[in-house]
Amino acid sequence: MTFAATILTLYPDMFPGPLGASLAGRALSEGIWSLNAVNIRDFATDKHRTVDDTPAGGGAGMVLRADVLAAAIDSVADHRPILAMTPRGAPLTQARIRQLASGPGAVILCGRFEGFDERIFDARGIEQVSIGDYVLSGGEMGALVLLDACIRLLPGVMGAASSGVDESFEGGLLEYPQYTRPVEWEGRTIPEVLRSGDHARISAWRKHMAETDTRLRRPDLWERHDGARVSPPSGAQRQTKEE
């Protein structure tokens, strides 16, 4: 089954953008996923192709019209979920990405200006999604982020099926630190445990480091993780260059 992505945007030329390169680009050319960028302005009904209007109640900026948005959505709506990229949405998580990647694809609505007429969300059953607590010029960059996260999980995209298992957020934790050759660089050495060949010790070290780094760097993630209710392992500590 091909993962089908439809983007509703005022700037269709922004796609595929970076998704046309690297793993995502190769998967696109191989038909593992498909992309259709639809111009919202094509659904305007006046000669000026107007898609926005002034905010009800006054205020700065312009708001995307519900009638134009609805016409654009209805032209592509099927069994796929419809998502709107907006800073007012629920934070995007790896768990939600896995759900989307296992499905038929998504219709993604990209906002501009001051955002969307609120009525469109209930009227069309749209899921509001945010990629972070900051404001962008539009939803297109968020859509690229969402799609990249989904595409890498599709069967056949990554070289090894297990290569994404230990990534940050996959198990609710940050990923453990990574090292490669040379063994010593600027007086800093790869931790001894990673050079030991003892796979049980390496696995324990990686688990401990993932838990420790998550607890220190992202206490919000750690509070939601099952491991937060148990004491961290006492036998594994961060390896230093002296070791």
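Numbers given for residues are sequential positions, taken from 1 along each chain in its written order. Selection of residues for local features in this predicted model requires a pLDDT of at least 70, selection of side-chain atom pairs for listing and counting requires 80 or more, and totals for whole chains, interfaces and linings are taken over all residues. Note that water and hydrogens are dropped before the side-chain values are worked out from all heavy atoms of the structure.

Draft legend 1. Molecular detail of the overall build of the protein chain. Strands are runs of DSSP state E lasting at least 2 residues, helices are runs of H or I lasting at least 4, and numbering of each runs from the N terminus. Broken down by element type, the protein chain carries seven helices and nine strands. Burial status follows relative accessibility: with a 1.4 Å probe on protein chains alone, a residue under 20% of its type maximum counts as buried, one over 50% as exposed, and anything between as partly exposed. For the protein chain, the proportion of its 243 residues judged to be buried stands at 40%.

Draft legend 2. Spatial organisation of a nonpolar patch on the surface. Patch definition: residues above 30% relative accessible area lacking any salt bridge, with like charges linked at up to 9 Å and the nonpolar side chains Val, Leu, Ile, Met, Phe, Trp and Tyr linked at up to 5 Å. Throughout, the Shrake-Rupley method with a 1.4 Å probe supplies accessible areas, and for residues the shown protein chains are the sole cover considered. Every case where a carboxyl oxygen of Asp or Glu lies within 4 Å of a side-chain nitrogen of Lys or Arg is listed as a salt bridge. A contiguous nonpolar patch, built from Tyr-134, Leu-136 and Met-141 and spanning about 290 Å² of accessible area, is present on the exposed surface. Take Met-141: its relative accessible area is 44%, and that puts it in the partly exposed class.

Draft legend 3. Expanded view of the layout of surface pockets. Two kinds of site are reported from a 1 Å grid over the protein atoms alone, namely cavities, where a 1.4 Å probe fits but cannot get out, and pockets, open sets with protein on both sides within 12 Å along at least five of seven lines, and residues are called lining when an atom falls within 4 Å of a point. Grid points are joined across faces, edges and corners, and a volume is the space filled by probe spheres set on the points. Taken as a whole, the second largest pocket spans an internal volume of roughly 450 Å³. Lining the second largest pocket are 24 residues, with Met-85, Thr-86, Pro-87, Gly-115 and Leu-136 positioned closest to its centre. When contributions to the lining of the second largest pocket are tallied by element, the ones reaching two or more residues are strand 5 (82-91) and strand 7 (127-130). Tallying contributions element by element places strand 5 first for the lining of the second largest pocket, with four residues. Residue classes in the lining of the second largest pocket are distributed as ten nonpolar, ten polar and four charged. Each residue gets one label: Ala, Val, Leu, Ile, Met, Phe, Trp, Tyr, Cys and Pro are nonpolar, Asp, Glu, Lys and Arg are charged, and the others, such as Gly, are polar.

Draft legend 4. Layout of the packing of aromatic side chains. To pair, rings of Phe, Tyr and Trp, with the six-membered ring standing in for Trp, must have centres within 6.5 Å; the planes then decide the type, stacked if under 30 degrees apart, edge-to-face if over 60, and tilted in the middle. For the structure shown, the criterion picks out one aromatic pair. Pairing Phe-116 with Phe-121 gives two aromatic rings, centres 5.6 Å apart and planes at 75°, and the pair type is edge-to-face. The exposure classification of Phe-116 matches that of Phe-121, with both residues buried. Between the NZ or CZ atom of Arg-215 and the centre of the ring of Trp-222, over which it lies, the distance is 5.8 Å. Counting as a charge over the ring demands two things of the Lys NZ or Arg CZ atom: a distance within 6 Å of the ring centre and an angle within 35 degrees of the ring normal.

Draft legend 5. Examining the nonpolar core more closely. Residues Trp-33, Ile-108, Leu-146, Leu-147, Ile-151 and Leu-154 are the most contacted members of the largest nonpolar core, which totals 27 residues. Every element with two or more residues in this core is listed here: strand 1 (3-9), helix 1 (22-29), strand 5, helix 3 (94-101), strand 6 (105-110) and helix 5 (140-151). Only heavy atoms enter the contact rule, under which two residues are in contact if any of them lie within 4.5 Å. Beyond its immediate stretch of four places on either side in the chain, Ile-108 contacts Thr-6, Ile-7, Leu-8, Leu-83, Met-85, Ala-143, Leu-146 and Leu-147. Counting 21 residues, the second largest nonpolar core, distinct from the first, contains Val-51, Val-68, Ala-84 and Phe-121. The nonpolar core is taken to be a set of buried Ala, Val, Leu, Ile, Met, Phe, Trp, Tyr and Cys residues, with the residues joined through side-chain atoms within 4.5 Å.

Draft legend 6. Spotlight on the packing of helix 3 against helix 5. For helices, the axis comes from a line fit to the C-alpha atoms of the stretch in contact; other axes are also lines fit to C-alpha atoms, and the angle between any two N-to-C directions lies between 0 and 180 degrees. With their axes 9 Å apart at the nearest point, helix 3 and helix 5 run at an angle of 70° to one another. Viewed along their axes, helix 3 and helix 5 adopt a mutual orientation that is roughly perpendicular. Helix 5 is crossed by helix 3, and the crossing has right-handed handedness. Where helix 3 approaches helix 5, its residues Ile-97, Leu-100 and Ala-101 are matched on the opposing element by Leu-146, Ala-149 and Cys-150. Here the contact of helix 3 with helix 5 is composed, by residue class, of six nonpolar, no polar and no charged. Orientation labels follow simple angle bins: below 35 degrees gives roughly parallel, above 145 gives roughly antiparallel, 65 to 115 gives roughly perpendicular, and whatever is left gives oblique. Throughout, a crossing is termed right-handed when the near helix is turned clockwise from the far one, and left-handed when it is turned anticlockwise from it by less than a right angle.

Draft legend 7. Spatial organisation of helix 5. Given a helix with a known number of residues, its expected span is that number minus one, times 1.5 Å. Between its first and last C-alpha, helix 5 extends 16 Å over twelve residues, near the 16 Å set by a 1.5 Å rise per residue. Most of helix 5 sits out of view: nine of its twelve residues are buried. Among all positions of helix 5, only Glu-140, Gly-142, Ala-143, Leu-144, Leu-146, Leu-147, Ala-149, Cys-150 and Ile-151 are buried.

Draft legend 8. Spatial organisation of the confidence of the model for the protein chain. Mean pLDDT over the protein chain: 91, with 89% of residues reaching 70 or higher. Every residue in residues 231-243 scores below 50 in pLDDT, and together they form 21 contacts with partners more than four places removed in sequence or on other chains. pLDDT expresses how confident the predictor is about each individual residue, on a scale running from 0 to 100.

Draft legend 9. Spotlight on the pattern of salt bridges. Within this structure, the stated rule accounts for twelve salt bridges. Linking Lys-207 and Glu-211 is a salt bridge whose minimum nitrogen-to-oxygen distance equals 2.7 Å. Placement of both Lys-207 and Glu-211 in helix 6 (residues 199-217) is noted, with a separation of four residues, approximately one turn of the helix. Take Glu-211: its relative accessible area is 6%, and that puts it in the buried class.

Draft legend 10. Quick look at the side chain of Arg-80. Tracing the chain through its elements places Arg-80 in the loop between helix 2 (66-76) and strand 5. Polar contacts, as used here, are pairs of N or O atoms within 3.5 Å; protein pairs need one atom able to donate a hydrogen and one able to accept it. Residues neighboring in sequence count only if both atoms are side-chain atoms. At 3.0 Å, the side chain of Arg-80 forms a polar contact with the backbone oxygen of Ala-4. Contacts of Arg-80, omitting those with residues within four sequence positions, involve Ala-4, Ala-5, Thr-6, Pro-104, Gly-105, Ala-106 and Val-107.

Draft legend 11. Molecular detail of helix 1. Three or more residues of helix 1 are buried, namely Ala-24, Gly-25 and Ala-27. For helix 1, the buried positions fall inside an angular range of 165° around the axis, keeping them on one side. Opposite the buried face of helix 1, at more than 90 degrees from it, the exposed residues are Ser-22 and Ser-29. Each element contacted by the buried residues of helix 1 is listed here: strand 2 (33-39) and helix 5. Immediately beyond the C-terminal end of helix 1, within one or two residues, lies Gly-31, with a positive phi of roughly 80°. Note that the arc is computed from the directions linking the helix axis to the C-beta atoms.

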